[in-house]
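Each chain, written out:
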Amino acid sequence: MDIEILEMAERKAKFILKNSSPAMANALRRTLLSDIPKMAIDKVEFHLGPIMSDDKEYESVTPLFDEIIAHRLGMVPVPTDLDLFVPQSECVCGGEGCPNCTIMYSLNKIGPCTVLSGDLEPLGNPNLRVKDEFIPIVELTDGQAVLIYATAVMGTARKHVKWQVANGVGYKYMPGVEVDPKRAGDEDVLNCAEICPKKVFAVEDGKLVVKNPLDCSLCRSCEHSLGERGGVTITADDTNFLFKFETDGSLTAQQTLDKALEVLADEAKDFKLQLEELESD
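Novice: Explain the overall build of the chain here, please?
Specialist: Within the chain, the regular secondary structure consists of 6 helices and 14 strands. Along the first, second and third principal axes, the C-alpha atoms of the chain reach 85 × 65 × 30 Å. Expressed as a percentage of its 281 residues, the buried residues of the chain come to 38%. Across the chain, the fraction of contacts at a sequence separation of at least 24, relative to all contacts at a separation of at least 6, is 70%. Surface summary for the chain: the accessible area is close to 15,600 Å², and the carbon and sulfur share equals 50%.

Written out as structure tokens, the structure reads:
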């Protein structure tokens, strides 16, 4: 199994999975969706009672239920350093919470204003500020205020979607698009340039040419329009797959892909050990 990177931006990736199988492609897809660990806010504490600021008393109340605010905070992407943080179940603190497994945030705002994700202040390391600073949390009117302490811990999307790093994960068989050179200039074949919804073809020097083969969605509209006469052949290679995905920003696309491959490799090793134990019994 090999990987050829076609595009690798901070939050999105496109690559070719080569010399593989549909089973392995689907395993990689499911791993990207469900098994990548990240930090997310899991516990939110709300201050009850009046809040004093500049010798003025504000009411600790918002237009939304506390549960809704907590849910919104949980969905805010939290920057994750996989070399620094570990799950609480594996931490030396025994899950009580320490700098190795938790991130503490405070949020202190007075109205009138819109409380945004960027108002979350990390306690300690300033590098742990959330990157998406303009996610709206709640609207405060004059006289209202909110004081919150939130704790982020590591988890995976198998437990809750707030720990899902990758989204829009998809793949397709590698398309093969060929134009019969004997019919490349025929009128019905030239019409394929207009018929194709993905604009795979172009007309150059009076002939149909394949311009963007990787964009082919395997809909075969071109083949169907030509009927039995043919002129364009579409194939699907089930050993090579075109992948793409995006991340929520808690991890980069490269970190997400690297971690997914690491998780798959570890699972394969564990499965091999289990088979060896069964054979030895």
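Novice: I tried to follow the side chain of S117 on my own but got confused; where do I start?
Specialist: In this fold, S117 is placed in the loop between β7 (113-116) and β8 (121-122). Among the residues examined, S117 registers a relative accessible area of 0% and is labelled buried. Dropping the residues within four chain positions of it, S117 is found in contact with V76, V130, D132, E133, F134, I135 and I137.

Novice: It is not clear to me how the nonpolar core should be interpreted in this structure. Could you clarify?
Specialist: Grouped burial of nonpolar side chains is what soluble globular proteins tend to show. The biggest cluster of nonpolar side chains holds 24 residues, and the ones touching the most others in it are I41, L73, I103, Y105 and V115. Those elements that provide at least two residues to this core are β3 (38-46), α2 (66-74), β6 (102-110), β7, β9 (136-140) and β10 (144-155). If one sorts the elements of this core by residue count, β10 sits on top with 5 residues. Once residues lying within four places of it in the same chain are set aside, the contact partners of L73 are I41, V44, L107, L120, I137 and I148. Judged by nonpolar contacts, the second largest core, of 18 residues, contains F15, V169, L251 and A260.

What counts as what
Residues numbered from 1 in each chain as written. Predicted model: local features only at pLDDT ≥ 70, side-chain atom pairs only at ≥ 80, totals over all residues. Heavy atoms only, no water. Helix = DSSP H or I, 4+ residues; strand = E, 2+ residues; numbered from the N terminus. Buried < 20%, exposed > 50% of the residue type's maximum accessible area, 1.4 Å probe, protein only. Contact = heavy atoms within 4.5 Å. Areas by Shrake-Rupley, 256 points an atom, 1.4 Å probe, with all protein chains shown as cover. Core = buried A, V, L, I, M, F, W, Y, C linked by side-chain atoms within 4.5 Å.

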